[in-house]
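An overview of the molecular structure
Take a look at the letters that make up each chain.
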Amino acid sequence: MKKLKAILKKLGPGFITGASDDDPSGIATYSQTGSQFGFSQLWTALFSFPFMTIIQEMCGRIGMVTGKGLAKVLKENYGRKVLFGAVFILCIANTINIGADLGAMAAAGQLLIGMPFLVWLLLITGITLTLEIFVSYPTYAKFLKYLTLSLFAYVATAFVINQDWSEIVFSTLVPSFSFSRAYLLNIVAILGTTISPYLFFWQADEEVEEEIANHKLTEDSNIKPRINYKDIRRMRLDTFIGMLFSNLVMFFIIVTTASTLGVHGITTITTADQAAAALRPLAGDFAFLLFAAGIIGTGLLAVPILAGSASYALAEAFNWKAGLGKKFNQAKAFYIIIIISTLVGVLINFTPIRPFQMLYYTAVLNGICAPPLLILIMLISGNKKIMGNHTNSRFSNIMGWIITVVMSLAAIGLLISIKF
């Protein structure tokens, strides 16, 4: 236990950000991938990892060097129109994600224990808001780190089931392509889930929170924090581990669902909890319990981050006081946005629209909307006036522009296929 505490102590915003990427919406998307396409899209876990790492490192570095969140940097350097466009997309997508995640957690709880869906929904919502509003940032950050351990459930589940590892390795290392609309739609959904706008905003802001907590930055100060290359290296390692963990979990969810649901002809998964329930007769009670419990753990990790990233962005856009390190009466607007977005997410579960349908297409929307934000991140992180001596390396620039082009082409290809 002491070793675990020591390891978690060294990890920070990058690790939490990476783990939050495997929220119930991500679990549903990866489950759909495995059930519908088998192992054929496993290569996306390996492909997206270096790009995801580099983009999140840029976001973390922007927050560390400027001492400001991504929204504030955008406003100061690219104007309100650009900022409001980005924030509007972020808030819409995040609110839908919150609703679908809360619904998936409540449904998973109902599967495990049997209490009514509404009781679970209200209980989970209450726990989430209480922790985010009334618990101090250092304590809350520790809580989030321990919640990331719930993701190991998906690694364990894959090894509970007999696997054809030779086929898995081949599908991971050798990409397969199809130009069907369904295949392309799913690729855009995966990219939108793994390289997602809310992660950009969250990590930049949490690096600022870390600097305030470590007394490297004074709240509401316009003076840039003093950082060195050791700080940058720590952040890079933290981000690398977080993104590696995230993509490993993605990989094992696809493996699990492909080897169970996919081979038994269950090709349509509408919710994350449905994936857990479908596993029970195919892989046994233990696999079912691990999968369902993981949904609740990852949701408790991700929902506050979804609400928090939108709140940070809006607060910075309107010059409101913001930060999880502040108490409610010090940043009322910031916390009210968190409350409103979470409660609207709750209400989404009572609309006739199926949560997964909203969820899946939100992932697609993220995949379409991410490229413009990626362009801005590339411009900011490579700008010497903003970043000083901590601009992008040549390698980061090359990799960053490659994924920006790839996601742009995928989004354009999808829009053309829908039109025609």
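Cut-offs and rules
- Residues numbered from 1 in each chain as written.
- Predicted model: local features only at pLDDT ≥ 70, side-chain atom pairs only at ≥ 80, totals over all residues.
- Heavy atoms only, no water.
- Salt bridge = Lys/Arg side-chain N within 4 Å of Asp/Glu carboxyl O.
- Helix = DSSP H or I, 4+ residues; strand = E, 2+ residues; numbered from the N terminus.
- Buried < 20%, exposed > 50% of the residue type's maximum accessible area, 1.4 Å probe, protein only.
- Core = buried A, V, L, I, M, F, W, Y, C linked by side-chain atoms within 4.5 Å.
- Contact = heavy atoms within 4.5 Å.
- Phe/Tyr/Trp six-rings, centres within 6.5 Å; stacked < 30°, edge-to-face > 60°.
- Patch = residues over 30% accessible without salt bridge, like charges linked within 9 Å, V, L, I, M, F, W, Y side chains within 5 Å.
- Areas by Shrake-Rupley, 256 points an atom, 1.4 Å probe, with all protein chains shown as cover.

Section: the pattern of salt bridges
Inspection of every chain in the model, using the stated rule, returns four salt bridges. In this structure, Arg-236 and Glu-57 form a salt bridge, with 2.9 Å as the shortest nitrogen-oxygen distance. Remark: Glu-57 occurs in helix H4 (residues 43-66) and Arg-236 occurs in helix H12 (residues 229-262); sequence separation between them is 179 residues. Residue classification places Glu-57 among the buried positions, given a relative accessible area of 7%. Notably, a salt bridge pairs Lys-68 with Glu-76, separated by 2.8 Å at the nearest N-O pair. Among the charged side chains, a network of salt bridges with common partners joins Glu-57, Arg-61 and Arg-236.

Examining the nonpolar core
Formed by 108 residues in total, the largest nonpolar core has its most connected members in Leu-70, Phe-200 and Phe-201. When residues in this core are grouped by element, the largest group, 16 residues, is from helix H14 (residues 285-317). Residue contacts for Phe-200: discarding those within four places in its chain leaves Ile-55, Gln-56, Cys-59, Leu-70, Ile-195, Leu-373, Leu-374 and Ile-377. Membership of the second largest hydrophobic core comes to five residues, among which are Leu-185, Val-188, Val-364 and Ala-410.

Remarks on the packing of aromatic side chains
How two aromatic rings sit relative to each other is set out by the distance from centre to centre and by the angle between their planes. Across all of its chains, the model carries 14 aromatic pairs by this definition. Relative to Tyr-183, the ring of Phe-37 has its centre 5.4 Å away and its plane inclined at 80 degrees; by these criteria the two rings are edge-to-face. With Phe-37 in helix H3 (residues 24-37) and Tyr-183 in helix H10 (residues 181-194), this residue pair connects regions lying 146 residues apart in the sequence. Relative to Phe-240, the ring of Phe-49 lies with its centre 5.4 Å away and its plane at 65 degrees, an arrangement referred to as edge-to-face. One end of the pair, Phe-49, is in helix H4; the other, Phe-240, is in helix H12, and 191 residues separate them in sequence. When its relative accessible area of 39% is taken as the criterion, Phe-240 is described as partly exposed.

Some points on a nonpolar patch on the surface
The grouping of Leu-46, Val-169, Phe-170, Leu-173 and Val-174 at the surface amounts to a nonpolar patch, some 480 Å² of accessible area in total. If you tally residues by element for the nonpolar patch, the top one is helix H9 (residues 165-173), at three residues. Among the secondary structure elements, Leu-173 is positioned in helix H9. The exposed category is assigned to Leu-173, whose relative accessible area is 57%.

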